[in-house]
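Analysis of the macromolecular model
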Amino acid sequence: MEIFMENFRIAVNAVMPFMICIAFGYAVRRLRLADRAFMQSLNQLVFKVFFPFMMFYNMYDNGDSLEMNARLLAVSVCSLFLLIAVLFMIVPLLVRDNPKRGVVIQGIYRSNFVLFAIPLTENLFGREGIAMASLLVAVIVPLYNVTAVIILEYFRGGRISIVTLAGKILKNPLILGALAGLIALVCGICLPQAVEKPVSQFAAMTTPLALFVLGGTLDFSSVRADRKYLVSVLGIKMMLLPAVAAGVSLLADFTELERFLYLIMFAAPIAASSYPMAQNMGGDGKLAGELVVISTAVSVGTIFFWIYVMKTAGLI
């Protein structure tokens, strides 16, 4: 019973901060302290200003760990691209509308790994697990964002030329932030402390602001209409993919820590940043927001379930 409660506490502590930020935004809107126009403007500000800071700082701050653990990186990156390729072939056959296609694809493959991996790993494996978690975060999260930009741009207006698509991708604020971080990393640029501190603070503000805006723009009137997408995406995201990931981690002969990180990469709820990206890039913003909120709430149970199952089986 003690182990059961400890695992449940870990899952709740990982998820509750996100739900509180969302609920705070929703309450502010319901109390009419901010209107929808303000929230929409703030949403664009988060996407165009704060997310580039976060992308830059993820690359800049985690660069030192990028040489570690080639096997875990290789399996994780290959799995990500294989999943995206499969979704890119199957989802357009099942989903009719382009705005929903991009949202469904990123909803299935893209998790809130950046905010779940490190605290969950520290809770289960202590400080020694943080370096490896940071490594995977530093590689996977930029890949999430870059591939999401490509997918959303592709489905924004149907089929467009490679040159046009590449131009739009390179102008995307998230890509510009990641490129700036990569340049700083490769060139060994070290920001002065007076500059690095506000940059890190802007980066840290990004997710709470994105979740606050998500809560402030929530509209549950379309949940019933989107029910089939919500059920199918969340079923695949929260249950099927983690089960497959657990099997792959066994075949890859991962250590317990590697196995856990690989599992959380797929089991974490849908990335909060998928909402402002969809909202600002022609995707179905309402569906994206519903997926983020519901997956985050459901993940209290599903993350606990997977941690409990893996620990009971002696796999982590």
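First, a word on scope: everything that follows refers to the structure included in this document. (Residues numbered from 1 in each chain as written. Predicted model: local features only at pLDDT ≥ 70, side-chain atom pairs only at ≥ 80, totals over all residues. Heavy atoms only, no water.)

For the structure shown, the criterion picks out 2 salt bridges. Two residues, Arg71 and Glu258, come together in a salt bridge whose shortest N-O distance is 2.8 Å. Taken together, the positions of Arg71 in helix H3 (residues 70-94) and Glu258 in helix H11 (residues 256-267) put the pair 187 residues apart, joining distant regions of the chain. The partner of Asp284 in a salt bridge is Lys100, with the nearest N and O atoms 2.8 Å apart. With Asp284 in the loop between helix H12 (274-280) and helix H13 (285-312) and Lys100 in helix H4 (residues 98-109), the pair connects residues that are 184 residues apart, well separated along the chain. Under the relative-accessibility criterion, Asp284 is labelled buried at 15%. (Salt bridge = Lys/Arg side-chain N within 4 Å of Asp/Glu carboxyl O. Helix = DSSP H or I, 4+ residues; strand = E, 2+ residues; numbered from the N terminus. Buried < 20%, exposed > 50% of the residue type's maximum accessible area, 1.4 Å probe, protein only.)

This brings us to helix H10 (residues 227-251). Between the first and last C-alpha of H10 there are 35 Å, a value that for 25 residues agrees with the 36 Å anticipated at 1.5 Å per step. Residue Ile236 marks the point of greatest curvature in H10, where the axis turns by about 35°. Tyr229, Leu230, Val233, Leu234, Lys237, Met238, Leu241, Pro242, Ala245, Ala246 and Ser249 are the residues of H10 that are buried. Just downstream of H10 lies Asp253, where phi reads positive at about 55°. (Expected span 1.5 Å × (residues − 1). Bend = angle between axes of the 7 residues up to and from the residue.)

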